[in-house]
Amino acid sequence: MGEKIKHEPGMFCWVELATKDGPAAKKFYTSLFDWRVNELPVGDGTTYSMLEKNDKEAGALYELTPLQKGTPPHWNSYIRVANADAAAAKAKELGGRIVTEPFDVMDQGRMANIQDPTGATFAVWEPKKHTGAEVVNEPGAFCWNELYTTDPKKAGDFYSRLFDWTRETMPLPTGQEYTIFKKGDSQAAGMMELPAEWKVSPHWLVYFAVDDSDRTVSKASGMGATVMVPPTDIPNVGRFAILNDPQGADFAVIRMEPRT
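Residues numbered from 1 in each chain as written. Predicted model: local features only at pLDDT ≥ 70, side-chain atom pairs only at ≥ 80, totals over all residues. Heavy atoms only, no water.

Attention now goes to the state of the cysteines. Under the counting rule described, the total for this entry stands at 0 disulfides. Not part of a disulfide, Cys 13 finds its nearest cysteine sulfur in Cys 143, a span of 16 Å. Judged by relative accessible area, Cys 13 falls into the buried class, the value being 0%. For Cys 143, a relative accessible area of 15% translates into the label buried. (Disulfide = S-S within 2.5 Å. Buried < 20%, exposed > 50% of the residue type's maximum accessible area, 1.4 Å probe, protein only.)

So this is what it looks like as structure tokens:
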């Protein structure tokens, strides 16, 4: 397996899909990203499906339970923290809502689900045995997390104070601003104002790296996905697209430009 990736506090470390049809989701994503599924029993006859790329954990998925009726399929984004309880308490002080109070995930880690002041949800992860994804920033693995929010100022203040992120802004061709969150010298995430015409709630969007965005979009749409944003070039960054999987969860793919 080689040396494990070290996810620093304040950086995204894990992604997982909450879906309404586990078998169908596994078929879709394993075909799209060449993933293998490793089923882990978690009690009550249910499993947590680890998604592996070349025998390395890239993410996971689980099926929404009847008690979660009404929760739409979605990708969860986890941010590494030193202490989940402290992070949840600070989030609440800053105007966030604790969706799930901190709890232990067996011997793997401790987590909490949080909603920011504009309505986007995310998780914090205090690692124990499970430190996070074993493969990132390469085809078939997540490479970026992007916040779409109705209030970039309010959201930016919240995350900057919670995770000690700094912000850099840049203009977009649309006239909007794009914000890069940084943890020290490392880019942690992106943020932009939610386009009104999208008619969706604030959320974190997960990006997966691919070798060819056009080919990936074509394959995904052929398996029942909806193309929300067609393959589009971002100068000096890459070619991306946003998709909605057959069960209704949004995600993005991007072919990154080689770094010089």
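Having seen the model, we can carry on.
Of all the residues in helix H2 (residues 84-93), the buried ones are Ala 84, Ala 87, Ala 88 and Ala 91. Along the long axis of H2, the arc covered by the buried residues comes to 100 degrees, so they all point the same way. Each element contacted by the buried residues of H2 is listed here: strand S6 (97-105), strand S7 (109-115), strand S8 (121-127) and helix H3 (152-163). Taking the backbone nitrogen of Asp 85 as reference, a side-chain oxygen 3.0 Å away marks Asn 83 as the first, capping residue of H2. Just downstream of H2, Gly 95 is the residue with a positive phi angle, here 105 degrees. (Helix = DSSP H or I, 4+ residues; strand = E, 2+ residues; numbered from the N terminus. Arc of directions from axis to C-beta. Contact = heavy atoms within 4.5 Å. Polar contact = N/O pair within 3.5 Å; in protein donor to acceptor, adjacent residues only side chain to side chain.)

Okay, the sheet that holds S6 next. Across the sheet, which stays open at both edges, the 8 strands sit in the order S2-S3-S4-S1-S5-S8-S7-S6 with mixed pairing between neighbours. Looking at strand neighbours, the two that pair on one side only are strand S2 (36-43) and S6, the edges of this open sheet. In this sheet, adjacent strand axes meet at a mean angle of 25 degrees when their direction is disregarded. Where strand S1 (residues 12-19) and strand S4 (residues 56-63) come together, 4 bridges link them in parallel fashion. Counterpart to Glu 16 in the pairing with S4 is Ala 60. This element, H3, spans strand S5 (74-80), S7 and S8 of the sheet and lies at about 5 degrees to S8. (Pairing = 2+ DSSP bridges. Axes fitted to C-alpha atoms, helices over the stretch in contact; angles between N-to-C directions.)

The next subject is the sheet that holds strand S13 (residues 203-209). Taken together, the 8 strands give an open sheet; going across it, the order is S10-S11-S12-S9-S13-S16-S15-S14, and neighbouring strands pair in mixed fashion. Pairing within the sheet leaves two strands with one partner each, and these edge strands are strand S10 (166-171) and strand S14 (226-234). Mean inter-strand twist for the sheet, computed between neighbouring axes without regard to direction, equals 25 degrees. Bridge count for strand S11 (residues 177-183) against strand S12 (residues 186-193) is 6 bridges, and the pairing is antiparallel. Within S12, the residue paired with Phe 181 across the bridge is Ala 189. Running at roughly 5 degrees to strand S16 (residues 250-256), helix H1 (residues 22-33) makes contact with S13 and S16 of the sheet. On the sheet, helix H4 (residues 213-222) packs against S14, strand S15 (238-244) and S16 and is oriented at approximately 10 degrees with respect to S15.

Right, let's get into the layout of surface pockets. In this structure, the second largest pocket encloses a volume near 1,600 Å³. Taken together, 50 residues make up the lining of the second largest pocket; nearest its centre are Trp 144, Glu 146, Tyr 178, Val 237 and Ile 254. Within the residue set of the lining of the second largest pocket, elements represented by two or more residues are strand S9 (142-149), S10, S11, S12, S13, S14, S15 and S16. Here the lining of the second largest pocket gets 6 residues from one element, more than from any other, and that element is S9. Of the residues contributing to the lining of the second largest pocket, the split by class is 31 nonpolar, 9 polar and 10 charged. (1 Å grid on protein atoms, 1.4 Å probe; cavity = no way out; pocket = protein on both sides within 12 Å on 5 of 7 lines; lining within 4 Å. Points joined across faces, edges and corners; volume = space filled by probe spheres on them. Nonpolar A, V, L, I, M, F, W, Y, C, P; charged D, E, K, R; others polar.)

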